Amino acid sequence: MIRELSSGRPAFALETERTTYAFRMLPTGQPEQLYFGKKITLPDETALDALTEKRAFAPGNSISYDAEHPELSLEDVRLEFSAPGKGDLREPMLETVCSGGVRTGDFVYLSHAVDSEQPPQSPLPGSCAENAEHLRVTYRDGASGLELETHYYVYADCDCVSRRCVLKNGSDAPVEIERLLSAQLDLPRVGLAVTSFRGAWAREMEKFTVALLAGKYTVESRGGSSSSRCNPFFIVHDPAATEEAGDCWGFNLIYSGDHYSAVEAGVFGKTRVVTGIQPQGFRWLLEPGGSFETPEAVMSYACDGFSGLSRNMHFFVREHVVRGRWKNKARPVLLNSWEACYFNISESGLVSLAKAGRDVGIELFVMDDGWFGERSDDTRSLGDWEPNKKKLPGGLAGLARKIKALGMGFGIWVEPEMVSVNSRLYESHPDWAMAIPGRAHSEGRNQRLLDLANPAVQDFLIEKMTEVFSSAEISYVKWDFNRNFSDVFSPYLPAERQGETAHRYVLGLYRVMAALTERFPDILFEGCASGGNRFDLGVLSYFPQIWASDDTDAIERADIQEGYSYGYPQSVVGAHVSSCPNHQTLRDTPLETRFNVAAFGLLGYEYDIRDLSPALRGRLKEQIETYKKWRDVLQFGRFYRVRGGNEREWCCVSADGKRAVGLTLRTLARPNDPHGVFFARGLDEDTVYRFYNVPRPVDVKRFGTLINAVAPIHVRQDSIVHDIVAKVVKMPGETEDAKVSGALLMNAGMELAPAFAATGFDERVRFYPDFASRLYFMEAVEE
């Protein structure tokens, strides 16, 4: 709900189910931020006055805004936006260069409107909902003729407020925009902490927390995408905040290009947060009568810690970002050919791999890189999107028919935004590649970026991909993006507009994505960018899921997926089981652990199933059957991080609270420490649940030479005798099966069978060494 609070100076309260966001115009016309936190009642002007900072004299060594208000220094005000030149020395939201080189911005209130207008979806994607309320406030800089619109959208159902800005040039001269961010929030205290999610290829979303006592902390990317180096989602919070308690403010951006956020502890006891497009390298020439629109930023507050904030963000992403026919549809279990075949693919080999997948319950077969042009490695053929007839004699259509005949969906890999120098496309259109004429180009992964700032390139991609996607019965597309920007230059744009290149690239990408998802609404698109190098709300506005990381190692993936879980729901996170030793880390983890971690996402396999023994194929089949039974909970349930670190616990609960799946995961075993307790979250306290596991026998070979402590004869490790004993002797796994209340599971916890502690083993003991894990299931007992 949006309430107008005053008949004098305009004031507004943006109310959700549990939060209030309030601001009011200063007597001088700037918007003063009053409050963003737990819901409060603001019945009248007196309540607003209680929230307003009292002023008598401006702080020493500060700038007074004007002669009529000598007590007002904008550096000591919580503002909804800020521009340079009028005394606010903190991080600005807006920077322009107007006629004559003027950089001062002095925007004051002009008008406002409250309605149900939805965020625009072009040229930038925005959030979507039929029930969001909208506030537009317009400010004008009388000297320059610029007008700034700040737009607010209130999502009461998930305690989120989103913001975007539009700058309009009402003057008769061009204006250079050097910075126009999407949102600014000034909080009334310092000493807060900032948690951001950083990393690199194969180790995305590493969680880092810093205490910000003074100075500035940035969350930003500079490689042309939202980046694995630093995701645009971050949290500002009380340093003492936990999963279940403490003030937390979360921020994200519906944008896929370079982003910039800064959190600054000011000198007068206030913390400023700004977020939007990366200003470094950005310069937009705004002609008279023109306008520039920022991406939409989303903000949320939770008083119940990180877990509460995550649930807000999860709901927002599921309900107001993801759209289309796959929004609430169960995602299929897939088998991807990459780690089984890499570039060495053939039609017969792919069909045999798909058959092996079909036999264990796989629903979708995906042919990854290597199917087109002369693509025998990563040095050639990107852009030549015709099937290689030596590898695929029947083309895409022929292979798709064979996969379809197996009762499976068929998917392909593409990387439309890239071109190889060694390709027919580059030979025909070298001017379509992003490169600086006359200068050597710094390469990445042996490929170059197509210049999506060029409408002709956009048109080509739309039509070429339409040709590919309509050439066969394709039900899934993995859309990759495998290099960062370098030598950023558009051969299409004139010199004075080169600062627009990176942003125009993103706008061009969105045009392509929008056209193709509209033409092919039944295809399940999955975003990818060397794994998680472009995992953001912009991509999710078109593609309902994203491949989280090229790293499929279960232990690394647990960290990566937990990092994503702070801001993104598991229904958008691609997660696969692969072979061991793992191709990224060479770590060997149990098959159960690889599955258990991947199950808390959109399950897939990257495995040459043909090489597995019948026993191992049987285990994969059991895994997939389990996942399908619990798929609705694991993909769309409420996710809780119960514990982190060496003894990790997750819990995922159905919307009605009647079914839940829990995970425990150990990184390294601790000797002589047998006891374990599982804590659930999100259950109904008064409901009785059956809590159980699926016991699995333990391979006696996992005990190594310890077998000789009980064997009647000496057994040499890894000998033929050892193999025979392992086939004959079955070591039973522990059984958990109890009917207990939700209150007990959440507050006291379920005592588990003791873990192996070197003093004995039987069916009462958990085999729980390094990298071990368990899934526990909870189902409401019908009375």
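Going by the structure above, here's the rest.
Calculation notes
Residues numbered from 1 in each chain as written. Predicted model: local features only at pLDDT ≥ 70, side-chain atom pairs only at ≥ 80, totals over all residues. Heavy atoms only, no water. 1 Å grid on protein atoms, 1.4 Å probe; cavity = no way out; pocket = protein on both sides within 12 Å on 5 of 7 lines; lining within 4 Å. Points joined across faces, edges and corners; volume = space filled by probe spheres on them. Helix = DSSP H or I, 4+ residues; strand = E, 2+ residues; numbered from the N terminus. Nonpolar A, V, L, I, M, F, W, Y, C, P; charged D, E, K, R; others polar. Buried < 20%, exposed > 50% of the residue type's maximum accessible area, 1.4 Å probe, protein only. Contact = heavy atoms within 4.5 Å. Pairing = 2+ DSSP bridges. Axes fitted to C-alpha atoms, helices over the stretch in contact; angles between N-to-C directions. Parallel < 35°, antiparallel > 145°, perpendicular 65-115°, else oblique. Left-handed = near helix turned anticlockwise from the far one by under 90°.

### As for the layout of surface pockets
Okay, so step 1: As a volume, the largest pocket reaches approximately 1,400 Å³.
Okay, so step 2: Those elements that provide at least two residues to the lining of the largest pocket are helix H11 (591-598), helix H12 (614-636), helix H13 (720-728) and strand S38 (773-780).
Okay, so step 3: Tallied by class, the residues present in the lining of the largest pocket amount to 21 nonpolar, eight polar and 13 charged.
Okay, so step 4: Lining the second largest pocket are 29 residues, and of these Tyr 510, Ala 514, Thr 517, Glu 518 and Tyr 542 lie nearest its centre.
Okay, so step 5: If you list the elements that add at least two residues to the lining of the second largest pocket, you get helix H7 (455-469) and helix H8 (501-519).
Okay, so step 6: Take the lining of the second largest pocket: its biggest share by element is eight residues, from H8.
Okay, so step 7: Counted by class, the lining of the second largest pocket contains 17 nonpolar, seven polar and five charged residues.

### Quick word on helix H5 (residues 395-405)
Within an α-helix, residues lying three or four positions from one another point in the same direction, as the helix has 3.6 residues per turn.
Okay, so step 1: Buried within H5 are the following residues: Gly 395, Leu 396, Gly 398, Leu 399, Ala 400 and Ile 403.
Okay, so step 2: Those residues of H5 that are buried lie in contact with helix H4 (347-360), strand S22 (364-367), strand S23 (409-414) and H7.
Okay, so step 3: Positioned one or two residues after H5, Gly 407 has a phi angle of 85 degrees, which is positive.

### Things to note about the sheet that holds strand S2 (residues 11-15)
Okay, so step 1: One open sheet accounts for four strands, arranged S1-S2-S3-S4; its pairing is antiparallel. At either margin of the open sheet sits one strand with a lone partner, and together these are strand S1 (2-4) and strand S4 (31-38). Within this sheet the neighbouring strands show an average axis-to-axis angle of 15 degrees, counted without direction.
Okay, so step 2: Alignment of strand S3 (residues 19-25) against S4, held across seven bridges, turns out to be antiparallel. By the bridge assignment for S4, Met 25 is matched with Pro 31.

### Examining the packing of H7 against H8
For any two helices packed against each other, the geometry comes down to the angle between their axes and how far apart the axes lie.
Okay, so step 1: Taken N-terminus to C-terminus, the directions of H7 and H8 make an angle of 25 degrees; their axes are 10 Å apart at the nearest point. With respect to each other, H7 and H8 are oriented roughly parallel. Like other packed secondary-structure pairs, H7 and H8 cross with a definite hand, here right-handed. When H7 is examined against H8, the residues Pro 455, Gln 458, Asp 459, Leu 461, Ile 462, Glu 463, Met 465, Thr 466 and Phe 469 are found in contact with a partner set consisting of Gly 508, Arg 511, Val 512, Ala 515, Leu 516 and Arg 519.
Okay, so step 2: In terms of residue class, the contact of H7 with H8 is made up of eight nonpolar, three polar and four charged.

### Quick look at empty space enclosed by the protein
Okay, so step 1: Under the criterion given, the structure shown has four cavities of 30 Å³ or more.
Okay, so step 2: The volume enclosed by the largest cavity comes to roughly 120 Å³.
Okay, so step 3: Forming the boundary of the largest cavity are 13 residues, of which Gln 30, Leu 74, Ser 82, Ala 83 and Gly 105 lie nearest the centre.
Okay, so step 4: Split by residue class, the lining of the largest cavity holds six nonpolar, four polar and three charged.
Okay, so step 5: In this structure, the second largest cavity occupies an estimated 80 Å³ of space.
Okay, so step 6: Around the second largest cavity, the lining residues are His 314, Gln 561, Ser 565, Tyr 568, Pro 569, Gln 570, Val 573, Phe 600, Phe 639 and Trp 650.
Okay, so step 7: Of the residues assigned to the lining of the second largest cavity, the class counts are six nonpolar, four polar and no charged.

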